[in-house]
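What the coordinates show
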Amino acid sequence: MSSARSASSTRAPAPGPLAIQVEDVHKTFHIPTHRIDTLKERVANPFARQEFRRLRALRGVSFEVRRGEFFGIVGRNGSGKSTLLKILASIYRADRGSIRMAGRLAPFIELGVGFNNELTARENVALNGVMMGLSRREAARRLDRVLDFAELDQFVDLKLKNYSSGMLVRLAFAVMVEADADIMLIDEVLAVGDASFAQKCMDVFEQRRKAGKTLVLVTHDMATVQSFCDQAMLLHDGEQRYTGNPEEAVMRYFRLNFAGSSDAEHVPVEPDLKLVDVWLEDEAGRRMENVEQGRPIGFHLLAEARTEVRGPRFGFQVLNVDGVPVFGFGGSLPKDLEQHDRIVPGQRVRVAANIDNRLVPGRYSIACSISRNHSPGDLLLRDVGILDFVVTGTEPNPGMVSVRTDLVARVEP
Amino acid sequence: MNGVADSELRPVRGPSALGGGWARFLDLVYLISVTEFKRTYFGTALGYLWSVARPLMLFGVLLAVFTQIFRIGSQVPNYPVLLLFNIVLYGFFSEATVSAVQSIVNQEGIVRKTQFPRLVIPLAVVMTSLINLGFNLVVVFIFVLAYGVDPTWTWLLFPVILALLFVITTAVSMIVASLFPRFRDIGIIWQVLSTVLFYATPVLYPLGIVPETFKDFLLLNPLTPLFVAARAWIIDPTAPGPVTAAGGWEGLLAPMAIYALICVFAVWIFNREAPRIAEEL
């Protein structure tokens, strides 16, 4: 796929020393159904037992990461990915199990956490460096390198509230990189910044890997997992479904999504169609993970029939981060005499669509519905999320789409 | 690569009050409190003047009330400087504890997204107020000397009072800060309580003029002996010291016990809440 991936797969599999060892970690959240959060309520009902709903966020997760490895954690929303990351980062405490790590951990799971808008970049870099575990002197010494990396030298004494969002991201990333921790934990790193910055981030991560640094990455972006991770884990409802080869983890993730509801795994019915691959391409036909604002998107899907499907119709919806459908598109097999309007078991269908990209920057997902016999009601598959992507851009824009307009204002004579 | 201490696997214990080593803890407290102080007082037009102006304005009002209207002040030696001194000391206690209440919730981003020694947050709030107190005390001592109070050797004991005040302020801050995420009405309760405490501490009046029945009650307040001592050691050498005022050492047992109890409770509750705070927010 990409050069980075082939590089990683040809890397000598010399097993380095362990960097992270997680054994049988459990975490259950007690979510009060009626929250008593004032003393008054507590005093008024001193014997009222708080009622809890148990949410078993993690049920016995174990894995090992070796030094210099990139470890991906994938799974649908609510599968426990972020909880696991927070436990690794010592933000939450595990109920059971043990976690052991070697080396200094960057205790951040998101970029720019702890930045104070009222302080200057200089003060924030010092503060962040100390949070990263550097001494005050070390943090001050790294200031120049941080600013150099972020290309923000001229703005060192500017308060962060006057920074643009792009500048903030650059600064945050630079702080993290220059803290030079042995283990980095990152939640959706590429969800911010523009495409060229995302590329720079990935280049930096490659360098870190060569320097023996370890990275644990939670992401929705399967392309990142496939191209960068040495190992990946699939979490589903807090259960560890698979750990190992990233390709396999991604496949299982798609299968899980394509199978629809979460209990589909327990139903002995095979889905009628198997999703082989789904990806986005740029104009030059290269696969891409993030889309730049305004650049066209090539959407591609490859599916294989398990049973015969007559008159299939493929419908897609693009949803924004709030789950609101922004637009939809769809189509059927071409109507020509050469080809029957059906797919037989084992046959593959390739769906390709060029999308005129009017999306504003943000996170999106594509949901797929497939119906048969040309009747929209006869659904094989209904609104199943198959792909997440990010539209990058720094142009702030209200609303859900940016529509080209031709505004002219003039004073009437 | 082998043999480096860094390559050893070490257990990760989860969030705590102090996690991450002492050096990091102290660096964080220092950086956060200093930047917070700078932000509060150097970001405004009058800058640092505000930090002095606030107690001075309150002092002006109270001085007028208690020397012109109630006239208690005229019976007490050096009343104006005593009043100013007490207001500045109590101001430290109330400013620190009241801002500590919401401190952890205000730092939600940090608490939920980084591994961060929890105790840093309330402690930094107290340190910010302590820096403020330091600047205020410079002004206060200038007033004290200008008023004609002669320095005595007992001035050297002032750091003891400050240390005791600092410890109790930190303890109370830890209690209110760790309870607030779970009991949101602590904010209002503490605001009322700290006002009550202002009148239940000999700030406006000397302990000597309080009727006997109330005196025992006031002596339960662990802040009372501190203010009595401050008056006797700094402002008015003829005033009774804390032991005399309490009617002997036995009288000090109750406030001392309460003082100790608050500190122990603070450590216990904070340690209990610290690992869970991120989940409560």
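Being a predicted model, the structure only gives us computed values, none of them experimental.

1. Remarks on the overall build of chain B
For chain B, the helix and strand inventory stands at 13 helices and one strand. Shown N-terminal to C-terminal, the secondary structure of chain B runs as helices and strands in the order β-α-α-α-α-α-α-α-α-α-α-α-α-α. The buried share of chain B, taken over its 281 residues, is 42%. Contacts spanning at least 24 positions in sequence make up 79% of the contacts within chain B whose residues lie at least 6 apart.

2. Some thoughts on the overall build of chain A
Helix and strand counts for chain A come out as ten helices and 20 strands. Counting every position in chain A, which comprises 413 residues, the buried fraction comes to 39%.

3. Remarks on unusual backbone geometry
The backbone of Glu151(A) sits at a positive phi, close to 55°, despite the residue not being glycine. Within the fold, Glu151(A) resides in the loop between α6 (143-150) and α7 (165-178).

4. Observations concerning the interface of chain A and chain B
Contacts between the two partners involve 38 residues from chain A and, on the opposite side, 35 residues from chain B. Elements with a contribution of two residues or more to the side of chain A that touches chain B: β1 (18-32), α2 (39-44), β4 (96-101) and α4 (121-131) of chain A. In terms of residue count, α4(A) provides more of the side of chain A that touches chain B than any other element does, five residues in total. Counted by class, the side of chain A that touches chain B contains 20 nonpolar, eight polar and ten charged residues. As paired elements, β4(A) and strand β1 (residues 10-11) of chain B share two bridges and run antiparallel to each other. Looking across to β1(B), one finds that Met101(A) is bridged to Arg10(B).

5. Observations concerning the nonpolar core
In terms of nonpolar packing, the biggest core is built from 172 residues, with Ala106(A), Leu185(A), Phe85(B) and Val176(B) touching the most fellow members. Here this core gets 15 residues from one element, more than from any other, and that element is helix α3 (residues 79-101) of chain B. Domain assignment of the residues forming this core places at least three in each of domain 1 (3-244) and domain 2 (270-392) of chain A. With residues near it in sequence (within four places) discarded, Ala106(A) still touches Met132(A), Met176(A), Ala179(A), Ala181(A), Ile183(A), Met184(A) and Leu185(A).

6. A short note on the sheet that holds strand β5 (residues 105-106) of chain A
Residues and elements named next belong to chain A. Reading across from one edge, β5-β6-β7-β3-β8-β9 is the order of the six strands in this open sheet, with mixed pairing throughout. In this open sheet, the two edge strands, each paired with only one partner strand, are β5 and β9 (239-244). Pairing between strand β6 (residues 183-187) and strand β7 (residues 214-218): five bridges, direction parallel. Among the inter-strand pairings, isoleucine 186 is bridged to a residue of β7, identified as leucine 217.

7. Some remarks on the environment of Ser371(A)
All names here are of chain A. With respect to the secondary-structure elements, serine 371 resides in strand β19 (residues 362-371). With 21 C-beta atoms counted inside 10 Å, the residue serine 371 sits in the buried group. Each C-alpha atom, one on serine 371 and one on arginine 310, is 9.3 Å from the other, the two residues being 61 residues apart in sequence.

8. Let's talk about the sheet that holds strand β13 (residues 297-305) of chain A
The strand order β11-β10-β13-β18 (chain A) describes an open sheet built from four strands, whose pairing is antiparallel. In this open sheet, the two strands that pair with only one neighbour each are β11 (287-288) and β18 (348-355) of chain A.

9. What about the pairing of β9(A)?
Residue and element names in this part refer to chain A. In this sheet, β9 lies alongside strand β8 (residues 231-236) in antiparallel orientation, the contact comprising five bridges. By the bridge assignment for β9, leucine 234 is matched with tyrosine 242. Between β8 and β9, which pair antiparallel one after the other, the connecting turn spans two residues, and aspartate 237 there sits at a positive phi close to 50°.

10. So, the packing of helix α7 (residues 158-179) of chain B against helix α10 (residues 223-235) of chain B
All names here are of chain B. For the pair α7 and α10, the least separation of the axes is 10 Å and the interaxial angle reads 165°. Regarding the angle of α7 to α10, the classification is roughly antiparallel. Seen along the crossing, α7 lies across α10 with a hand that is left-handed. Here Phe158, Ile161, Leu164 and Leu165 of α7 lie close against α10, whose contacting residues are Leu226, Ala229, Ala230, Trp233 and Ile234.

11. Remarks on the pairing of strand β3 (residues 70-74) of chain A
Residue and element names in this part refer to chain A. For β3, the tally of buried residues reaches five of five residues, placing the bulk of the element in the interior. In this sheet, β7 lies alongside β3 in parallel orientation, the contact comprising four bridges. By the bridge assignment, phenylalanine 70 is partnered in β7 with leucine 215. Inspection of the sheet shows β3 paired to β8 by four bridges, in the parallel sense. Within β8, the residue paired with valine 74 across the bridge is leucine 234.

12. Notes on the confidence of the model for chain A
Residue and element names in this part refer to chain A. Averaged over every residue, the pLDDT of chain A is 78; residues scoring 70 or more account for 83%. Here residues 1-13 is modelled with pLDDT under 50, and outside its nearest four sequence neighbours on either side it reaches eleven contacts, counting other chains as well. Confidence drops under a pLDDT of 50 for residues 260-270, and excluding neighbours within four residues, the segment shows six contacts in the predicted structure.

13. Observations concerning the confidence of the model for chain B
All names here are of chain B. On average, residues of chain B score 86 in pLDDT, and 94% of them are at 70 or above. Below pLDDT 50 for its whole length, residues 1-5 participates in three contacts with residues either more than four positions away or in separate chains. Across the predicted assembly, pTM comes out at 0.69 and ipTM at 0.71.

14. Regarding the environment of Leu134(A)
Residue and element names in this part refer to chain A. Of note, leucine 134 is situated in the loop between α4 and α5 (136-141). The exposure class of leucine 134 is buried, given the 23 C-beta atoms found within 10 Å. It is 9.4 Å that separates the C-alpha atoms of leucine 134 and aspartate 180, two residues lying 46 residues apart in sequence. Once residues lying within four places of it in the same chain are set aside, the contact partners of leucine 134 are Gly129, Ala139 and Ala179.

15. Overview of the packing of α7(B) against helix α12 (residues 249-273) of chain B
All names here are of chain B. Between α7 and α12, the shortest axis-to-axis distance is 8 Å and the interhelical angle comes to 40°. Handedness of the crossing formed by α7 with α12: left-handed. Contacts between α7 and α12 involve Val167, Ile168, Ala171, Val172, Met174, Ile175, Ser178 and Leu179 on the former and, on the latter, Tyr259, Ile262, Cys263, Phe265, Ala266, Ile269, Phe270 and Glu273. Among the residues making up the contact of α7 with α12, the classes are represented as 14 nonpolar, one polar and one charged.

16. What to know about the environment of Ser173(B)
Residue and element names in this part refer to chain B. Checked against the element boundaries, serine 173 lands in helix α7. According to the C-beta neighbour criterion, serine 173 is buried, with 26 such atoms within 10 Å. The sequence separation of serine 173 and alanine 96 amounts to 77 residues, and the corresponding C-alpha distance is 7.1 Å. Those residues in contact with serine 173 that lie beyond four places of it in its chain are Ala96, Thr97, Ala100, Pro122, Val125 and Val126.

What counts, and at which threshold
- Residues numbered from 1 in each chain as written.
- Chains lettered and ligands numbered in written order.
- Predicted model: local features only at pLDDT ≥ 70, side-chain atom pairs only at ≥ 80, totals over all residues.
- Helix = DSSP H or I, 4+ residues; strand = E, 2+ residues; numbered from the N terminus.
- Buried ≥ 20, exposed ≤ 12 C-beta atoms within 10 Å, placed from the backbone.
- Contact = placed C-beta atoms within 7 Å.
- Nonpolar A, V, L, I, M, F, W, Y, C, P; charged D, E, K, R; others polar.
- Pairing = 2+ DSSP bridges.
- Core = buried A, V, L, I, M, F, W, Y, C linked by C-beta atoms within 7 Å.
- Domains from an automatic or database assignment.
- Axes fitted to C-alpha atoms, helices over the stretch in contact; angles between N-to-C directions.
- Parallel < 35°, antiparallel > 145°, perpendicular 65-115°, else oblique.
- Left-handed = near helix turned anticlockwise from the far one by under 90°.
- pLDDT = per-residue confidence, 0-100.

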